[in-house]
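# What the coordinates show
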Amino acid sequence: MPAGSFLPYGRQDIDADDVAAVVEALGADFLTTGPRVEAFEQAFAAAVDAAHAVACANGTAALHLSMLALGIGPGDRVAVPSVTFLATANCARFVGAEVLFTDVDPGTGLMTSGTLREALERSPGPLRAVLPVHLRGDVADLKGLAALAREAGAVLVEDAPHALGSAADFGDGAEAVGSGRWSSAATFSFHPVKTIATGEGGMVTTPDGDVAARLRRLRSHGMERLPGADPWLYEMREPGFNYRLPDILCALGQSQLRRLPDFAARRRALAEGYAAALAPLAPHVRLAATPAWSRPVLHLLTVLIDFEGLGRTRRRVVEALAAEGIGTQVHYIPVHAQPYYVGRYGPLDLPGAAAWYRRCLSLPLFPAMADTDVDRVSAALSRALGLA
Ligand SMILES: *Cc1c(COP(=O)(O)O)cnc(C)c1O
């Protein structure tokens, strides 16, 4: 970015090829539900080693469709880490299920086998689904969580909008997030701050052909065309939604996906730059930790800051950075503490989530950043904390 320009914590990267792909789609026969939807889905499935990928309107729709397609409904219980975006928990409520909030590891922000086990012990009833979030792009302990989910008779669904391009190695080789090795479904978002952008957009990947077919039906009103029947005929066996992703946006998605290897390499290089530049600020400032199995493409560069020890409030630090043209964000306010959920489940004591929330701050990370931007942010943070 040019010196002096404002650095947001994240932003999309649209180049001439992306623009050309959209312009071409605008001149084609279908603006929605055309050939670019399937082309994007196939390219996406190939990129994350998934058997099936189903495009949809956004990441929240992807979560809602996953709950519906896996048959989760009223009275069911879904385990969700408290440190996530609202939508991860809300999707359980969309289908009438209850949320079982789990704590997170205070160093990674991730649901762990330990925090899931603790939540199961206080759960008022059986669990139907476990919904870990690969916060920042680091991969949750899928192997451990899958074993616990299986034991509990629950399905595993990954909320993976932060982890496009990330992989995990549990001892027998690296697997892409979204491949479905450990889970029934994984959801993605193409909101402008995410790793690839279509404005609004989402995807569900699944290893299960029946789940994929149900996702496709539910994405478009529950309509099903009957092979060999009269050409106008369709049937509806369950009501669905209009959660389609238009052809125009699928053209952009496919073009963005071609750039994923470059985006991933750039994000990795910038994260390494931050690790080096922020190392002198330890132990007051640390990067969020990466679990041993995780091979992240980071979506968020989150640091954990001992604001109390440094005698600084987060608000003052955020304002000092903003005054230097540096955007930051807090990911996330623990969802269990939102008034709606306190009203529904009462107050909950989740010490890992509280510790994470006290310290977390996400710094700018997006492919168009220059290496010098990393130094500029790190120097400004150091000054704002009185460590320079
Ligand atoms: C972005 C995001 C969502 C929601 O995606 P939208 O496309 O904005 O609806 C859900 N969960 C997580 C973890 C996200 O980061």
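In this report, the structure presented in the accompanying data block is examined. Model, not experiment: these values are computed from the prediction.

## Brief notes about a nonpolar patch on the surface
- A grouping of Ile14, Val19 and Val23 is seen on the molecular surface, where their side chains present a nonpolar patch of about 250 Å² in accessible area.
- With respect to the helices, strands and loops of the structure, Ile14 is situated in the segment before α1 (16–26).
- For Ile14, a relative accessible area of 41% translates into the label partly exposed.

## Description of the layout of surface pockets
- The volume enclosed by the largest pocket comes to roughly 500 Å³.
- Together, 28 residues line the largest pocket, and Phe85, Leu86, Ala87, Lys194 and Tyr332 are the ones closest to its centre.
- Taken together, the elements giving at least two residues each to the lining of the largest pocket come down to α3 (59–69) and α4 (86–94).
- Residues that form the lining of the largest pocket fall into these classes: 13 nonpolar, twelve polar and three charged.
- When residues of the lining of the largest pocket are assigned to domains, at least three fall in each of domain 1 (16–258) and domain 2 (260–384).
- It is helix α2 (residues 35–47) that contributes the most residues to the lining of the second largest pocket, five residues altogether.
- Across the lining of the second largest pocket, the residue classes tally to six nonpolar, six polar and five charged.

## Points about the pairing of strand β1 (residues 52–56)
- Most of β1 sits out of view: four of its five residues are buried.
- Where β1 lies against strand β9 (residues 202–206), five bridges are found, and the strand directions are antiparallel. Considered in β9, the bridge of Ala53 is made with Thr205.

## A few points about the site of the ligand
- The environment of the ligand is made up of 15 residues, and the closest members are Gly59, Thr60, His162, Ser189 and Lys194.
- With respect to the ligand, the side chain of Ser189 contributes an N or O atom lying 2.7 Å from an oxygen atom.
- Protein contact buries 93% of the 380 Å² of open area that the ligand shows by itself.
- Mapping the ligand onto the cavity grids shows that it belongs to the largest pocket.
- Among the elements that make up the shell around the ligand, the one with the highest residue count is α3 (three residues).
- The residue makeup of the shell around the ligand, split by class, is five nonpolar, eight polar and two charged.

## Things to note about the nonpolar core
- Phe40, Phe44, Val78, Val130 and Phe188 are the most contacted members of the largest nonpolar core, which totals 86 residues.
- The element best represented in this core is α3, accounting for seven residues.
- Discounting chain neighbours no more than four positions away, the residues touching Phe40 are Phe190, Ile196, Met203, Leu245, Cys250, Gly253, Gln254 and Leu257.
- Ranked by size, the runner-up nonpolar core spans 27 residues in total, among them Ala271, Leu278, Leu281 and Ile305.

## Focus: the sheet that holds β1
- If you walk across this open sheet you meet the seven strands as β1-β9-β8-β5-β4-β2-β3, and the pairing is mixed. Each edge of the open sheet is held by one strand with a lone partner, namely β1 and β3 (98–102).
- Along the sheet, α4 contacts β2 (77–81), β3 and β5 (155–159); its crossing angle with β3, the most-contacted strand, is approximately 155 degrees.
- Sheet strands in contact with helix α5 (residues 113–122) are β2, β3 and β4 (129–130), and its direction is about 130 degrees off that of β3.

## Examining the sheet that holds strand β13 (residues 294–295)
- Strand order in the open sheet made by the three strands is β7-β6-β13, with antiparallel pairing throughout. If you trace the sheet from one side to the other, it starts and ends with β7 (174–176) and β13, each paired once.
- One ladder, built from two bridges, connects strand β6 (residues 167–169) with β13; its direction is antiparallel. Residue pairing in the sheet places Ala168 in a bridge with Ser294 of β13.

## Focus: helix α6 (residues 142–152)
- Among all positions of α6, only Leu142, Gly144, Leu145, Ala146, Leu148 and Ala149 are buried.
- Buried-residue contacts for α6 involve α5, β4 and β5.
- One or two positions beyond α6, positive phi appears at Gly153, with a value near 75 degrees.

Here is what the cut-offs are and how they apply
Residues numbered from 1 in each chain as written. Predicted model: local features only at pLDDT ≥ 70, side-chain atom pairs only at ≥ 80, totals over all residues. Heavy atoms only, no water. Patch = residues over 30% accessible without salt bridge, like charges linked within 9 Å, V, L, I, M, F, W, Y side chains within 5 Å. Areas by Shrake-Rupley, 256 points an atom, 1.4 Å probe, with all protein chains shown as cover. Salt bridge = Lys/Arg side-chain N within 4 Å of Asp/Glu carboxyl O. Helix = DSSP H or I, 4+ residues; strand = E, 2+ residues; numbered from the N terminus. Buried < 20%, exposed > 50% of the residue type's maximum accessible area, 1.4 Å probe, protein only. 1 Å grid on protein atoms, 1.4 Å probe; cavity = no way out; pocket = protein on both sides within 12 Å on 5 of 7 lines; lining within 4 Å. Points joined across faces, edges and corners; volume = space filled by probe spheres on them. Nonpolar A, V, L, I, M, F, W, Y, C, P; charged D, E, K, R; others polar. Domains from an automatic or database assignment. Pairing = 2+ DSSP bridges. Near = heavy atom within 4 Å. Polar contact = N/O pair within 3.5 Å; in protein donor to acceptor, adjacent residues only side chain to side chain. Sits in = over half its atoms within 2 Å of the grid points. Core = buried A, V, L, I, M, F, W, Y, C linked by side-chain atoms within 4.5 Å. Contact = heavy atoms within 4.5 Å. Axes fitted to C-alpha atoms, helices over the stretch in contact; angles between N-to-C directions.

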